[in-house]
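Residues per chain, in single letters:
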Amino acid sequence: MDIFSKIAAGEIPSYKCAEDGQFYAFLDINPIQKGHTLVIPRREVDYVFDMEDGEIGEYMIFAKKVAVAIKRAFPCRKVGMAVLGLEVPHAHIHLVPMQSEKDMNFSNPKLKLTEEEFREIAQKIYEEFLKL
C-alpha cells in the first residue's frame, strides 16, 4: 500500500477536504498557496492516464466539486489544476487557488502553515464541499 492509499484509508493523518467511496481530497503539506489540495483515487493507480475512461470522468467530476469548494472557501480568480506526480506512485491532481498564473509555479517557496491553519483551511473546504 502506497503512502496516498494509507492517507485515504486513515492510516496516516491528513487534512481531509472531501471524500466519497472512490476518491479522497486532502491538503498538500507543502502548499504553494493556501487551499492547495491533492485529489486522489482510492484505488491504487500510478498514472492518471492509466485509469479507465469512465473512472477518469468520475475523477474529474469529483475534482471539479473540490475546485468549486476551494473557490468558495478561498475566493480567487480560478482554481488551477496540475497533474504532475513523479514523487509518489499514485495518481493525483493538484488544485491550487490562483489570482495569477504565477500562483501555479511549483518552484515558488512553500508556505509554512501551522497545524491550526491547516485544520482551518481543510475545514473551510470540507464545509463548502458538503454544500454541493
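Everything below is about the structure shown above.
Quick caveat: nothing in here was measured; it's all calculated off a predicted structure.

A. Quick peek at the pattern of salt bridges. Applying the stated criterion across every chain, the model contains seven salt bridges. Here the salt bridges do not stand alone but share partners, grouping Lys16, Glu19 and Arg42 into one network.

B. Summary view of the pairing of strand E5 (residues 93-98). For E5, a buried count of six out of six residues is recorded, marking the element as mostly surrounded by other parts of the structure. Neither face of E5 is left uncovered, since the one carrying Ile93, Leu95 and Pro97 and the one carrying His94, Val96 and Met98 both have all their residues buried. The sheet contact formed by strand E3 (residues 37-41) and E5 spans three bridges and is antiparallel. What sits directly across from Leu38, in E5, is His94. Sheet topology places strand E4 (residues 78-82) next to E5; five bridges connect them, and they run antiparallel. Each residue of the ladder has a partner; that of Ala82, found in E5, is His94.

Criteria and thresholds
The written sequence of each chain sets the order in which its residues are numbered from 1. Thresholds applied to this predicted model are a pLDDT of at least 70 for local features of residues and 80 or more for the giving and counting of side-chain atom pairs; totals over whole chains, interfaces and linings are not thresholded and use all residues. Values shown for side chains rest on all heavy atoms present in the structure; no hydrogens or waters enter the calculation. What makes a salt bridge here is a side-chain nitrogen of Lys or Arg within 4 Å of a carboxyl oxygen of Asp or Glu, nothing more. Three exposure classes are used, based on accessible area relative to the maximum for each residue type with a 1.4 Å probe and protein chains only: buried under 20%, partly exposed in between, and exposed over 50%. Strands are runs of DSSP state E lasting at least two residues, helices are runs of H or I lasting at least four, and both sets are numbered from the N terminus onward. Being paired, for any two strands, means DSSP has found at least two bridges between them.

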